[in-house]
Amino acid sequence: MLSSYCQLMMNLTNSGNSHKRLIIIGLLMCYIAFSFWGGSRYPALNDKATMGGETRLEDSLSFEVLLEIQQGDSVPKRIAYSTVNWVNTNKQGMTFGVLFAAAFLTLLRMLRRRSFKHSYANALMGFVIGTPLGVCVNCAAPIAKGLHEAGARLETTLTTMFSSPTMNIVVLTMVFSIFPFYIAMIKLASTLIFILLLIPLMSRYLFRKETLATYEPGNCPVDTTIDASLIESWPQALMTTGREYVKNLWFITVRTVPLMFLAGLLGAVFVTLFPLHSFVDSEFTFTGLLLVSLIGVFLPAPIALDVVLASVLMSAGLPIAYVMALLFTLGTYSVYPFMIIWKSISLRLAVILYLTVAVVGMAAAYVAQTYSDREVEQMLEIFGDAHAAEMEPGVTHE
C-alpha cells in the first residue's frame with residue numbers, strides 16, 4: 001500500500017497533471033479561506049477587539065449563547081446547555097477547519113517535497129501557515145491532522161496548530177489594548193519561545209521517534225517513470241481533484257467531528273464542576289497556580305475567549321499570576337487537540353505537550369507576579385517617601 005501511494009505521488013508530481021490539479025485545489029483553498037475570513041471570522045474578531053474587556057460572557061466557554069443558563073439550573077442541565085453553546089460558538093470555525101484540512105491534505109499529497117531538512121525551518125513554515133488562519137486551537141486541530149496525514153513534518157504540524165490562535169494579529173491587538181504592557185509582552189514572549197524554540201527542540205530530541213515517522217514521499221524507493229499517456233484534460237483534472245477532495249473531506253470529518261462534540265462536553269463538565277471564578281480573591285499559591293494552569297490547558301476555549309475571560313477575571317480580583325497563566329494556557333492547547341494528536345500521532349506526544357503548555361504558563365505566571373510585586377513595592381516606597389517628607393518639621397505647605 002505504501003509503495004503504491006508513493007508511485008501515485010511521484011507520477012502526479014512529475015507530470016503535467018500536477019499543475020492543473022494544483023491550480024484547482026489552490027483556487028478552492030482561496031475560496032474557502034477568503035469566504036471564512038471576510039464573511040465571518042475577521043468581522044467577528046474586530047467586534048470583539050472593539051468591545052475589548054467589556055465583552056459580556058453569559059457562558060464561560062462561549063461567546064454566543066443559544067441556550068441561556070439560569071442561576072438555579074441543575075448541574076446536568078448547565079452542562080448540556082454549555083455544550084450546545086460551545087458547539088454553536090465553534091460551528092463556523094470548525095466547518096472552516098474541516099474544509100481547509102481536507103484541502104490541505106489534497107494539496108500536500110500533490111507535492112513531492114513538503115518539508116525542509118532543518119527543524120527550525122519546518123517550524124517557521126508552520127508559523128507562517130498558522131498565523132493568518134484566524135481559528136482557535138480546536139478548529140486548527142483538524143487542519144493539523146490534515147497536514148500530518150499528508151506527510152508534513154511534525155514541527156510544521158504543531159506550529160501551525162499553535163500559532164493560529166495565539167499569533168493572530170487581531171488577538172494580539174486585543175492583548176496589548178486590554179492588559180498592562182508587561183503582561184502583553186510576557187504573553188507574546190512566552191508564546192514565541194514555546195512555538196519557535198521549544199517545539200523544534202522537542203521535535204528534534206524528545207519526539208525524535210514521532211518526527212522520524214513523518215512520511216516523506218521523496219524517500220520512496222519506487223520507479224518514477226512517467227507514461228505520456230497519463231496527461232489529462234482540465235475537466236478530467238477537475239473531476240480527479242474533486243474526487244480526491246471529497247474522499248479526504250470524509251476522512252477528516254469522520255476522525256475529527258465526533259471528537260469535537262466530546263471535547264465540548266468534557267469542557268462543559270470541567271468548567272461547571274471547577275469554575276474559574278472560584279479562584280477570584282484567593283491567595284497566590286503554587287498549588288492554586290498549578291490547578292489554574294491545568295484547567296486552562298484542558299478547556300477548549302474559542303479564539304479570543306482567553307483574552308476576554310482573563311480580562312474579566314482580572315477585573316474581578318484574580319491574582320496576576322493566575323491571570324497570566326490563563327492568558328497563556330487557555331488559547332494554546334485544549335482537550336480537543338490532545339485527543340486529535342493522541343489518535344493521529346501518539347499519546348506520549350499529546351501528554352508531553354499538555355504538560356509543557358502548563359509549565360510554560362506557570363513560568364510566565366511567576367514572571368508576571370514578580371514584576372507586579374516589584375511595581376507595588378516601588379509605588380509603596382514612593383508614597384512612603386512622600387508621606388515622610390510631609391511629616392518632617394519645618395516643612396510648610398501652601
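Here the structure is shown first, and the text comes after it.
These numbers come from a predicted model, not from an experiment.

Novice: So what about the overall build of the protein chain? Which residues, and what values?
Specialist: Helix and strand counts for the protein chain come out as 15 helices and 0 strands. Going through the 398 residues of the protein chain one by one, you find that 53% of them count as buried. Contacts in the protein chain between residues far apart in sequence, at least 24 positions, make up 86% of those at least 6 positions apart. Approximately 18500 Å² of the protein chain is accessible, and the part contributed by carbon and sulfur atoms is 66%.

Novice: So, the pattern of salt bridges: which residues are in play, and what are the values?
Specialist: Evaluated as defined, the whole model comprises 5 salt bridges. Close ionic contact of Glu149 with Lys145 constitutes a salt bridge, the shortest N to O distance being 3.1 Å. Of this pair, Glu149 and Lys145 both sit in helix 5 (residues 137–150), 4 residues apart, roughly one helical turn. The exposure class of Glu149 is partly exposed, given its relative accessible area of 25%. Put simply, Arg348 and Glu210 hold a salt bridge, and the shortest N to O gap is 3.2 Å. Placement of Arg348 in helix 15 (residues 347–391) and of Glu210 in helix 9 (residues 208–212) is noted, with a sequence separation of 138 residues between them.

Novice: Just give me the short version of a nonpolar patch on the surface, but keep the residues and values in it.
Specialist: Together, Tyr120, Ile193, Leu197, Leu201 and Tyr205 make up a nonpolar patch on the protein surface, roughly 470 Å² of accessible area in all. Top element by residues in the nonpolar patch is helix 8 (residues 181–206). It accounts for 4 residues. Mapped onto the secondary structure, Leu201 falls in helix 8.

Novice: Explain unusual backbone geometry residue by residue, including any values.
Specialist: A positive phi angle, close to 65°, is found at Asp281, a residue other than glycine. Structurally, Asp281 can be placed in the loop between helix 10 (234–273) and helix 11 (286–298). With a phi angle near 75°, Ala304 is a residue other than glycine that sits in the positive phi range. In this fold, Ala304 is placed in the loop between helix 11 and helix 12 (305–316). Residue classification places Ala304 among the buried positions, given a relative accessible area of 1%.

Novice: Report on the side chain of Asn88, specifying residues and quantitative values.
Specialist: Within the secondary structure, Asn88 sits in helix 3 (residues 75–108). Note on Asn88: relative accessible area 16%, which makes it buried. Among all residues touching Asn88, those that are not within four sequence positions of it are Glu64 and Leu66.

Novice: For the packing of aromatic side chains, give the residues involved together with the corresponding values.
Specialist: Here the structure, examined in full by the defined rule, presents 17 aromatic pairs. Ring centres of Phe270 and Phe298 lie 4.3 Å apart, and the angle between their planes is 25°; this geometry places the pair in the stacked category. With a gap of 28 residues between them, Phe270 in helix 10 and Phe298 in helix 11 connect regions that are remote in the sequence. The class for Phe298 is buried, based on a relative accessible area of 15%. Each member of the aromatic cluster is reached from another via a ring pair, and the members are Phe162, Phe194, Phe328, Tyr333, Phe338, Trp342 and Tyr354. The ring of Trp234 has Lys20 sitting right over it, with the charged end atom 6.0 Å from the ring centre. When the ring centre of Trp342 is taken as origin, the NZ or CZ atom of Lys343, which lies over that ring, is 5.0 Å away.

Novice: Outline helix 14 (residues 335–344), listing residues and values.
Specialist: With respect to burial, helix 14 is a largely interior element, 8 of its 10 residues being buried. When we look at burial in helix 14, the residues that qualify are Val335, Tyr336, Pro337, Phe338, Met339, Ile340, Ile341 and Ser344.

Novice: Quick one: what's the story with the environment of Asp306, residue by residue and with numbers?
Specialist: Within the secondary structure, Asp306 sits in helix 12. When the C-alpha atoms of Asp306 and Val171 are compared, they prove to be 9.6 Å apart, with 135 residues separating the residues in sequence. With near-sequence residues (within four places) excluded, Asp306 lies in contact with Lys187, Leu326, Leu327, Leu330 and Gly331.

Novice: An account of the state of the cysteines is requested, with residue identities and associated values reported.
Specialist: For the structure shown, the criterion picks out 0 disulfides. Residue Cys136 stays outside any disulfide, its sulfur separated by 3.4 Å from that of Cys139, the closest cysteine. Taking the relative accessible area as the measure of exposure, Cys139 reaches 2% and is therefore buried.

Novice: Which residues make up the environment of Ala263, and what values go with them?
Specialist: As for its position among the elements, Ala263 is in helix 10. Of the residues examined, Ala263 reaches a relative accessible area of 0% and is grouped as buried. Each C-alpha atom, one on Ala263 and one on Met339, is 8.4 Å from the other, the two residues being 76 residues apart in sequence. Sequence-distant contacts of Ala263, that is, excluding residues within four places in its chain, are made with Pro300, Val335, Tyr336 and Met339.

Novice: Explain the side chain of Thr329 residue by residue, including any values.
Specialist: Residue position: Thr329 is located in helix 13 (residues 320–332). Residues contacting Thr329, with those up to four places away along its chain left out, are Ser293, Gly296, Val297, Val357, Ala358 and Gly361.

Novice: Hey, could you go over the packing of helix 7 (residues 169–178) against helix 8 for me, with residue numbers and the actual values?
Specialist: One way to put it is that helix 7 packs onto helix 8 with a least axis distance of 7 Å and a crossing angle of 150°. On the side of helix 7, the interface is formed by Leu172, Val175 and Phe176, while helix 8 contributes Phe181, Ala184, Met185, Lys187 and Leu188.

Reading guide: rules and limits
- Residues numbered from 1 in each chain as written.
- Predicted model: local features only at pLDDT ≥ 70, side-chain atom pairs only at ≥ 80, totals over all residues.
- Heavy atoms only, no water.
- Helix = DSSP H or I, 4+ residues; strand = E, 2+ residues; numbered from the N terminus.
- Buried < 20%, exposed > 50% of the residue type's maximum accessible area, 1.4 Å probe, protein only.
- Contact = heavy atoms within 4.5 Å.
- Areas by Shrake-Rupley, 256 points an atom, 1.4 Å probe, with all protein chains shown as cover.
- Salt bridge = Lys/Arg side-chain N within 4 Å of Asp/Glu carboxyl O.
- Patch = residues over 30% accessible without salt bridge, like charges linked within 9 Å, V, L, I, M, F, W, Y side chains within 5 Å.
- Phe/Tyr/Trp six-rings, centres within 6.5 Å; stacked < 30°, edge-to-face > 60°.
- Lys NZ or Arg CZ within 6 Å of the ring centre and 35° of its normal.
- Disulfide = S-S within 2.5 Å.
- Axes fitted to C-alpha atoms, helices over the stretch in contact; angles between N-to-C directions.

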